[in-house]
Amino acid sequence: MVISVRPSALLAEGECLVVSAVLDTDRIPVLGHVREAVLGAFIDRDDDLIEGLSVKDKILAYTMIYGGLVLSYKCDIVTPISRIHVGTLLELGVRSEERIVSDSLILRAWALIFKGREAEGLDLLSGEIIYPTRLGWRVGGDVRIAPIGVEVIRGQPTHL
């Protein structure tokens, strides 16, 4: 059995809300301790390792587990609230200005995304990846928001 873990990133962070995504790219690192916590949840069905992570690392882990674009609550108890699969591609590495994103802007963007106006909603949030690396992002480009963050590939016996 082979388990593949795609990277996730925090795209926008407000006071208590965060938008994160699994990204189909090798330009974002998969943090080793987050990967181990995710594998523990998948293999051993034990989320104790996730519970021991920092707030940002918990969000990365839950995003990998759920896949797609994820809206999470980060105040007090980290809780994934909503997940959606989108077809809009992202461009990474663009110049971006540091910007403050409010919870109300995140909710407005999420409503647009949820209604199918994903490019418009994502554009409201575009700027800089908050974590695990600093990298500008915007709508357009060739980076897919992957629907699956963890993939289990079971080996098939070969018969000669």
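In this numbering scheme, every chain counts its residues from 1 along its sequence in written order. Local features in this predicted model are restricted to residues whose pLDDT is 70 or higher, and side-chain atom pairs enter the listing and the counts only when it is 80 or higher, whereas totals over whole chains, interfaces and linings include all residues. Excluding hydrogens and water, the side-chain figures rest on all heavy atoms present in the structure.

Caption draft 1: Summary view of the pattern of salt bridges. Basic side-chain nitrogens of Lys or Arg form a salt bridge, by our definition, when they fall within 4 Å of a carboxyl oxygen of Asp or Glu. Across all of its chains, the model carries ten salt bridges by this definition. Across the pair Glu51 and Lys58 runs a salt bridge, and its minimum N-O distance is 3.8 Å. The cut-offs for exposure are 20% and 50% of the maximum accessible area for each residue type, with area from a 1.4 Å probe on protein chains only; residues under the lower value are buried, those over the upper are exposed, and the others partly exposed. Residue classification places Lys58 among the buried residues on the basis of a relative accessible area of 14%. Its salt-bridge partner being Arg134, residue Glu128 comes within 3.3 Å of it at the nearest N-O pair. A single network of salt bridges, built from pairs that share partners, joins Arg6, Asp24, Arg144 and Glu151.

Caption draft 2: Structural view of the pairing of strand β8 (residues 136-139). Sheet topology note: the strand β6 (residues 90-92)/β8 ladder contains three bridges and is antiparallel. Looking at the pairing, Leu92 lines up with Trp137 of β8. Note on pairing: DSSP must find at least two bridges between two strands before they are called paired. Per the convention used, a helix needs a DSSP run of H or I reaching at least four residues, while a strand needs a run of E reaching at least two, with both numbered from the N terminus. Alignment of strand β7 (residues 127-128) against β8, held across two bridges, turns out to be antiparallel. Within β8, the position partnered with Glu128 by the bridge is Gly136.

Caption draft 3: Representation of the packing of helix α1 (residues 32-43) against helix α3 (residues 55-66) in the model. Orientation is described by axes fitted as lines to C-alpha atoms, over the contacting stretch for helices, and by angles from 0 to 180 degrees between their N-to-C directions. Contact geometry for α1 and α3: axes closest at 9 Å, N-to-C directions at 50°. Classed by the angle they form, the pair α1 and α3 counts as oblique. α1 and α3 meet at a crossing whose hand is right-handed. Of α3, the residues touching α1 (which contributes His33, Val34, Val38, Ala41 and Phe42) are Asp57, Leu60, Ala61, Met64 and Ile65. Working rule for angles: under 35 degrees goes down as roughly parallel, over 145 as roughly antiparallel, 65 to 115 as roughly perpendicular, anything else as oblique. Crossing handedness is read from the near helix: turned anticlockwise from the far helix by less than a right angle, it gives a left-handed crossing, and turned clockwise, a right-handed one. By definition in these notes, contact holds between two residues if any of their heavy atoms fall within 4.5 Å.

Caption draft 4: Expanded view of the side chain of Thr63. With respect to the element layout, Thr63 can be found in helix α3. In this structure Thr63 comes out as buried when scored by relative accessible area, which is 0%. The residues contacting Thr63, other than those within four sequence positions of it, are Ser8, Ser20, Ala21, Val22, Gly68 and Val70.

Caption draft 5: Quick look at the sheet that holds β6. Judged by pairing direction, the sheet is antiparallel, and its three strands sit side by side in the order β6-β8-β7 without closing on themselves. Bordering the open sheet on either side are β6 and β7, each of which pairs with just one other strand.

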